[in-house]
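If you want the building blocks of each chain, they are given just below.
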Amino acid sequence: MNSLTQGVGMTSQRTRDRLVVRLREEGIRNEAVLEVIRSTPRHLFVDEALASRAYEDTALPIGYNQTISQPYIVAAMTDLVISGHPRKVLEIGTGSGYQAAILAPLVEKLYTVERIEPLATQARQRFRMLGLRNIRASYSDGTEGLPEFSPYDAIITTAASEEIPEALLEQLSPYGGRLVIPLGGPDHQVLTLVTRLGDTYEQEDLDPVIFVPLLRGRA
C-alpha cells in the first residue's frame, strides 16, 4: 500500500468512526448494527464526486431520481428488522445497495429487488466487490415482492407507499414476520412496523421519514 492509499484509508476510517459516534448520540444502541456501519465503505455506494460526503449523516442522490438513505435511517430500519432475529429477509428497493450491505452480515440470507435495471446491475457489482455472498439481487417489480422464496421472516421497504402492498403482507412469515415500511405520500410519511401473527397484522407507527415513492413496474 503506498502512502497516498494508506492516507485515504486512514481518513475514511476516521470519518466512519465519527459517523458511528454521531449515530450513537442520536439514539442507535445496537452495537452489531453500528459495527457493520463502521466497517462498510459507504463511499463505494455513491458517485465519486460525492465520495467526500459519504460519511455525513444525510441522504445523497444516486441518479434515476433515487437516493442513498441517511445512515441514521439505515441503522434504525436495520435495528427494527434484526430485532426479530430473522434468518431470511427481503428488501424492496435495492437502490445503491448500501442498505443491503448493512443487513447482509446480520442475517443468513438476504433477497433484494430493484425496479431500475442499471441500479440493480451496479448493486450486484458492489456486492461481489465486497464479498457479500448471501445476497440474491433481482431486477423486478418490488410491489409484487418475491413470492418464489417466501415466506420471509422480515421484509424491509426502502421507498414509501400510501398503502401496504398486499403481496408483501402475504409473503411475511405468519410466525412473527416483520415488515418495516415508510407509509404515506410526498407530504407526510411515517416509518411503520407491521408484525404478522397468523392471519392478524399488528401495526405500529414510529418516526416521520422522507423516502422516494414506491412505484410499480420495471424501468
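Coordinates for the structure precede this section.
This report concerns the structure included in the present document. Bear in mind the structure is a predicted one, so any value in this text is a computation, not a measurement. (Residues numbered from 1 in each chain as written. Predicted model: local features only at pLDDT ≥ 70, side-chain atom pairs only at ≥ 80, totals over all residues. Heavy atoms only, no water.)

**Some points on the pattern of salt bridges**
Side chains that differ in sign of charge can pair as their charged atoms come close. A full pass over the atoms with the stated rule returns six salt bridges. A salt bridge links Glu-56 to Arg-53, with the nearest nitrogen and oxygen atoms 3.1 Å apart. Judged by its relative accessible area of 33%, Glu-56 is partly exposed. Across the salt bridge formed by Glu-108 and Arg-87, the nearest N and O atoms sit 3.1 Å from each other. Within this pair, whereas Glu-108 is found in the loop between α4 (98-103) and β4 (109-114), its partner Arg-87 is found in the loop between α3 (71-82) and β3 (88-92), the two being separated by 21 residues in sequence. Each member of the pair, Glu-108 together with Arg-87, is exposed. Through salt bridges with shared partners, one network takes in Asp-17, Glu-35 and Arg-38. (Salt bridge = Lys/Arg side-chain N within 4 Å of Asp/Glu carboxyl O. Buried < 20%, exposed > 50% of the residue type's maximum accessible area, 1.4 Å probe, protein only. Helix = DSSP H or I, 4+ residues; strand = E, 2+ residues; numbered from the N terminus.)

**Examining the pairing of β3**
Counting buried residues along β3, four of its five residues qualify, which places the element largely inside the surrounding structure. By the bridge criterion, five bridges tie β3 to β4 in an arrangement that is parallel. Bridging from a neighbouring strand, Ile-92 pairs with Val-113 of β4. Considered for its hand, the β-α-β crossover made up of β3, α4 and β4 is right-handed. Of the pairings in the sheet, the one linking β3 to strand β6 (residues 154-157) comprises four bridges and is parallel in character. (Pairing = 2+ DSSP bridges. Right-handed = clockwise from strand over helix to strand, strands pointing away.)

**What to know about the layout of surface pockets**
Reported here for the largest pocket is a volume of approximately 470 Å³. Residue lining of the largest pocket: 33 residues in total, with Thr-67, Ser-69, Thr-158, Phe-211 and Val-212 positioned closest to the centre. Those elements giving two or more residues to the lining of the largest pocket turn out to be β2 (66-68), α3, β3, α4 and β4. For the lining of the largest pocket, the element with the most residues is β2, which contributes three residues. Within the lining of the largest pocket, the residues separate by chemical class into 17 nonpolar, 13 polar and three charged. (1 Å grid on protein atoms, 1.4 Å probe; cavity = no way out; pocket = protein on both sides within 12 Å on 5 of 7 lines; lining within 4 Å. Points joined across faces, edges and corners; volume = space filled by probe spheres on them. Nonpolar A, V, L, I, M, F, W, Y, C, P; charged D, E, K, R; others polar.)

**Details of the side chain of Asp-57**
Tracing the backbone shows Asp-57 in the loop between α2 (31-39) and β1 (60-63). Of the side chains with opposite charge, Arg-22 comes closest to the buried, unpaired Asp-57, at an N-O distance of 5.0 Å. A polar atom in the side chain of Asp-57 sits 2.9 Å from the backbone nitrogen of Tyr-72. (Lys, Arg positive; Asp, Glu negative; His and termini not counted. Polar contact = N/O pair within 3.5 Å; in protein donor to acceptor, adjacent residues only side chain to side chain.)

**Some thoughts on the pairing of β4**
Of all six residues that make up β4, five are buried, and the element is covered over most of its length. Direction of pairing for β4 relative to strand β5 (residues 135-139): parallel, over a ladder of five bridges. Looking at β5, one finds that Glu-114 is bridged to Tyr-139.

**Structural notes on the environment of Glu-114**
Relative to the helices and strands, Glu-114 is located in strand β4. The residues contacting Glu-114, other than those within four sequence positions of it, are Gly-93, Thr-94, Gly-95, Leu-119, Ala-120, Ser-138, Tyr-139 and Ser-140. Within the structure, the side chain of Glu-114 is placed 2.9 Å from the backbone nitrogen of Ile-116, a separation counted as a polar contact. (Contact = heavy atoms within 4.5 Å.)

**With respect to the environment of Ile-28**
Looking at the element boundaries, Ile-28 is found in the loop between α1 (3-25) and α2. Judged by its relative accessible area of 4%, Ile-28 is buried. In this structure, the C-alpha to C-alpha distance between Ile-28 and Ala-75, residues 47 residues apart in sequence, is 7.1 Å. Each residue touching Ile-28, except ones within four places of it in the same chain, is listed here: Leu-23, Leu-34, Tyr-72, Ala-75 and Ala-76.

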